[in-house]
Structure formats: C-alpha cells, structure tokens
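Letter by letter, the chains look like this.
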Amino acid sequence: MTADDVPADPRLTRAAWSMLTASAVRERANRLFDLALMDRLEHFTIDLSRLDATARFVAELTRSEHPTLEVPPHARWRDFSVGECDRWGMLASAHDWADARELGRAAVDLATVSVLTDAGAGSRWVYAEAATGETYSRSEGLAVASLAMFASGVFSSDPFDPLRADARALAGLTSEELTDGLQVSSSNPLIGVDGRLRLINRLGQALALRADIFTCEDGSSRPGGLVDHLFRLHPDGRVPATRVLEILLDGLGGVWPGPYLLGGVPLGDVWIHRKLVTDDPTSGLMPLHRAPQWLTYTLIEPLAWAGIEVTDLDGLTGLSDYRNGGLMIDSGLLQLRDPALATQVHPIDAEPVVEWRALTVALIDRLAGVVRQSLGRNAWNFPIAAVMEGGTWLAGRRLAREIRADGSPPLMVESDGALW
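Residue indices begin from 1 for each chain and proceed along its sequence in written order. Per-residue local features of the predicted model are confined to residues with pLDDT of at least 70, and side-chain atom pairs are confined, for both listing and counting, to 80 or more; whole-chain, interface and lining totals are unaffected and use all residues. Hydrogens are left out, water is left out, and the side-chain values use all remaining heavy atoms of the structure.

*Asks:* So what exactly am I meant to see when it comes to the nonpolar core here?
*Replies:* Within soluble globular proteins, side chains that are nonpolar tend to cluster in buried spots. Here, nonpolar core refers to any group of buried Ala, Val, Leu, Ile, Met, Phe, Trp, Tyr and Cys residues whose side-chain atoms link them within 4.5 Å. Three exposure classes are used, based on accessible area relative to the maximum for each residue type with a 1.4 Å probe and protein chains only: buried under 20%, partly exposed in between, and exposed over 50%. The biggest cluster of nonpolar side chains holds 138 residues, and the ones touching the most others in it are Trp 88, Leu 252, Leu 299, Leu 303, Leu 334 and Leu 359. Here the element with the most residues in this core is helix H16 (residues 351-375); it accounts for 13 residues. If sequence neighbours within four positions are ignored, Trp 88 has contacts with Trp 77, Trp 97, Leu 103, Ala 106, Ala 107, Leu 110, Leu 147, Phe 150 and Trp 305. Runs of H or I in DSSP of at least four residues are treated as helices and runs of E of at least two as strands, each being numbered from the N terminus. Should any heavy atoms of two residues lie within 4.5 Å, those residues are counted as being in contact.

Right, here's the structure in full:
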C-alpha cells in the first residue's frame, strides 16, 4: 500500500474508492471510539463524564457569539470577514458579473485556493493588511492574504479577468509570487510554504487533467467549473454535500498528498491505525479527509450564490483539525495515557495523531447532539457545520489560549502546509 505499490486489481480499486467518502470517515472513527470505550486503545482514554460540561461550554459560546442562533456554516468565508470587514462583499459588489453563475464560479475559485493554503501557519507569522493597517495571524491571516492575492489577479492567466483562478496560472505559480503574497521573510516565517506551493501547482495540473469536471462554459479550466458540472448532474440545482465531497476527491484526488495508494488510487488524508482490522484490503486504514471536507463546507455558500442548494450537510463529518481536536483534550474528554506525548512534536502519520483525529470526529457527533438539545435545535436547522462554527472550533481556540500562552494545540504535529 505504499506509493510505489500500484496494483492493477479492480478489487483494490473498489476498496480504495470506498475510503474516499465521508461515511467511511465516520464509520472508522466510530470503530476507534468504541474501542476507546472498552479501554482498548494505546494512546488515549475517553472520559464521557466531561461531555455535558464541554457541550455547555460550546453552547454558551454559541449563544454569546450568535444570540439569534442563526449560525452560518463553518467555512472559510468567516475568516475573510475578520475584523468585521466584509472584504469579499466589497470586492464582489464592485465587479460587473454577467450572471449569478459567473459570481459563483469566481467564489468557488477563491474558496478552493484559499482552503488549499490553510494549514498550520505557526506562532510567528503575521500578515499586515495594507487596506486596513491591521495585522492577522494563523487561519485569519492566511485567509486575508489569499483574498488579497486573488483580488490582485495572481491566480489568473487573463489580465482582463483577474477575479479567477485558472489551471495555467495555478500550475505556474512561483515560490516568489507565493512568498511575496504571504509576506514571508526571515523575520516573518511561515510553516510549510513549499508544501502550500506544491498544493497550488498540483491543483492547476489537476484542473487541466479533469476537464470533464472543471471546464467552464468559456473553455477555461477552473475550480469554478464545478458549478457547471453540478448543474449538468443535478439540473434541479439540489446536490447532497456528500456528492460534492466525492466529486472533489475524484477530481482533485492527486492534489492532497498522502503516502498511500490502493489499486492505483491516491488516498490522500488516509492513515494507518493498527486497531482497525478488517477482512478486506482496507484493513488498518483510517480516512479523515479534513481539507476536502473543509473545502466542501466552504463551497456551500458560493454554490448557493450560483443557484445550487447543497443538502444533507450532516452527511459530512466534523473536521479533525487541531482546534476541534484541541477542545477534546483540553476539556478532558480525551486523556493521553502517556503525558510525555504532549511534550513532543509528532509526524502526522504517527498513531497517536491518527487516533486523536479520529476520536475528535466521533466526539463532535456526540457533542453535537447535546449542544443542539441545549440550544433547542435539531440536525436539520443546526447541522454539524453550525455546531463547529458556533462552536467547537472557537471553544478549542479559547481553551488553548487559557491553558497555553501561545494558544498552541495540546499535541504538536509537524505541518508541511498541506494537510494540517
């Protein structure tokens, strides 16, 4: 199952595609959760007596930040508005769009490129925004920087149409262009710059290769071509969130790096956990697909602007990022068997990290039920996307800052700018 192992067995190919779904993420996360309840995992124990208190904390934050409980989905668009500045709204309103679909395509372009640059930035990097004079760090800084780069036309190969991201410009983006756009320097270091560049370049290559999914009406290959593709597949303009994810994993499968291929299919954000024993070729595999699911959540609004309703949001899972995961440890829901692990930096494929991320997915599902009950909401009007935004992500950040001066996560993971 290594990257050098590319068998041609159709059975293996089918097994690989079974791992490229949100249902596989949830099912395998729940397997590890059940093993944790039986005290059969090597690295973490679960204390469900902390579930109600953690849910109350999340619900209180949600009410504080969103008094009407009209919570938007957890998506990159929230970061674009940091500092109560509607940057995208101002940019979009100043442009003369041909129609709603053109607006939607541009928003999909921006969302895709921005999500691909959104991995851990480290504690030293900041972005200074010229228009406001403000500085931002971490995820918000990366969002504002990527939006400014998009507005400048750096992701477009057409000087007369700067508000787009096309295959040619993305595949040809240089290190100098990216470091300049992100204001990276020796005194302002950003973790994983090379990894982010590889992602963007691979995105451009994937768009060109998958013209069946990403070609727009004008013949250009762009992430926004997904709008046209979805309308072809779903003329009524309604598409399940899980279908959007599966299309992204199919069309952009080679973009997100990962060490494993199965049946010649790149698995991306899929890792090994020894306790996940099955009687088929997927034995040991733990899919997580954090970045593709984050992108799917972020596409909900652009697709709506284009006239497409994304349905069944809870078919997706909670995101196994370090803020949601940090909440689980800092709240006491998850406890390390060996406290020394918290003093080390771990590769992303280390089993303690895989275990942590998987249990985070399972626990978000369980927290969501209690949070909804506390808020008088249900899965239909308060999906997991709202629970995270309301939410578990903010709670994870708040606790991290209360416990550790630099707001870092409780378990440190190496980031190459791609998956974490």
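On we go.
*Asks:* It is not clear to me how the packing of helix H3 (residues 51-65) against helix H17 (residues 384-403) should be interpreted in this structure. Could you clarify?
*Replies:* A pair of packed helices is characterised by two quantities: the angle between their axes and the separation of those axes. Whenever a helix is involved, its axis is fitted only over the stretch in contact; in every case the axis is a line through C-alpha atoms, and angles between N-to-C directions fall within 0 to 180 degrees. The contact between H3 and H17 brings their axes to 8 Å, and the two run at 110°. Taken together, H3 and H17 sit at an angle that is classed as roughly perpendicular. As for how H3 packs across H17, the hand of that crossing is right-handed. The residues of H17 that touch H3, namely those facing Phe 57, Val 58, Leu 61, Thr 62 and Glu 65, are Val 387, Gly 390, Gly 391, Thr 392, Leu 394, Ala 395, Arg 398 and Leu 399. Residue polarity is assigned by list, with Asp, Glu, Lys and Arg as charged and Ala, Val, Leu, Ile, Met, Phe, Trp, Tyr, Cys and Pro as nonpolar; anything else, Gly included, falls into the polar class. In the contact of H3 with H17, the residues fall into 7 nonpolar, 4 polar and 2 charged. What sets the label is the angle itself: under 35 degrees gives roughly parallel, over 145 gives roughly antiparallel, 65 to 115 gives roughly perpendicular, and the rest give oblique. With the far helix as reference, a near helix turned anticlockwise by less than a right angle produces a left-handed crossing, and one turned clockwise produces a right-handed crossing.

*Asks:* For this particular structure, what's the right way to read the side chain of Glu 351?
*Replies:* Residue placement: Glu 351 occurs in helix H16. Residue Glu 351 is classed as buried on the basis of its relative accessible area, which comes to 12%.

*Asks:* What's the story with the packing of helix H6 (residues 100-116) against helix H7 (residues 138-152) in this structure? I'm lost.
*Replies:* As a packed pair, H6 and H7 sit with axes 10 Å apart at the nearest point and diverge in direction by 135°. One element, H6, and the other, H7, form an angle in the oblique class. Note that H6 runs across H7; the crossing there is right-handed. Of the residues in H7, those in contact with Ala 106, Asp 109, Leu 110 and Ser 114 of H6 are Ala 143, Ser 146, Leu 147 and Phe 150.

*Asks:* Could you clarify how one ought to interpret the environment of Ala 130 in this entry?
*Replies:* Position of Ala 130 relative to the elements: it lies in the loop between strand S2 (126-128) and strand S3 (135-137). Under the relative-accessibility criterion, Ala 130 is labelled exposed at 79%. Residues Ala 130 and Trp 305, spaced 175 residues apart in sequence, show a C-alpha to C-alpha distance of 28 Å.

*Asks:* I keep staring at the pattern of salt bridges and nothing clicks. Help me out?
*Replies:* If charged atoms from side chains of opposite charge come close, those side chains can pair. Any Lys or Arg side-chain nitrogen located within 4 Å of an Asp or Glu carboxyl oxygen qualifies as a salt bridge. Following the criterion strictly, the structure yields 25 salt bridges and no others. Residues Arg 398 and Glu 65 are paired through a salt bridge, measuring 3.3 Å at the closest nitrogen-oxygen approach. Of this pair, Arg 398 sits in helix H17 while Glu 65 sits in helix H3; the two residues are 333 residues apart in sequence, bridging distant segments of the chain. Judged by its relative accessible area of 41%, Glu 65 falls in the partly exposed class. Here Glu 140 and Arg 397 are joined by a salt bridge, their closest N and O atoms 2.7 Å apart. Here Glu 140, found in helix H7, pairs with Arg 397, found in helix H17; they are 257 residues apart in sequence, far enough to count as distant.

*Asks:* Sorry if this is basic, but what is going on with the confidence of the model for the chain here?
*Replies:* Low pLDDT means the predicted coordinates in that region are not meant to be read closely. pLDDT is a residue-level measure of predictor confidence that goes from 0 to 100. When the pLDDT values of the chain are averaged, the result is 93; 97% of them are 70 or greater. In this model residues 2-7 is a low-confidence stretch, pLDDT under 50, and it forms 10 contacts with partners more than four residues away in sequence or in other chains.

*Asks:* Looking at this model, I keep getting lost on the packing of aromatic side chains. Mind explaining?
*Replies:* For any pair of aromatic rings, the description consists of the separation of the ring centres together with the inter-plane angle of the planes. Here the aromatic set is Phe, Tyr and Trp, taking the six-membered ring for Trp, and pairing holds for ring centres within 6.5 Å; pairs whose planes are under 30 degrees apart are stacked, those over 60 apart are edge-to-face, and all others are tilted. Evaluation of the coordinates by the stated rule reveals 4 aromatic pairs. Taking 6.3 Å as the distance between ring centres and 15° as the angle between the ring planes, the aromatic pair formed by Trp 88 and Trp 305 counts as stacked. Remark: Trp 305 occurs in helix H14 (residues 290-305) and Trp 88 occurs in helix H5 (residues 87-93); sequence separation between them is 217 residues. Judged by its relative accessible area of 32%, Trp 305 falls in the partly exposed class. Above the face of the Phe 231 ring, Arg 101 is positioned so that its terminal group lies 3.6 Å from the ring centre. Counting as a charge over the ring demands two things of the Lys NZ or Arg CZ atom: a distance within 6 Å of the ring centre and an angle within 35 degrees of the ring normal. Sitting over the ring of Phe 33, Arg 366 keeps its end group 3.9 Å from the ring centre.

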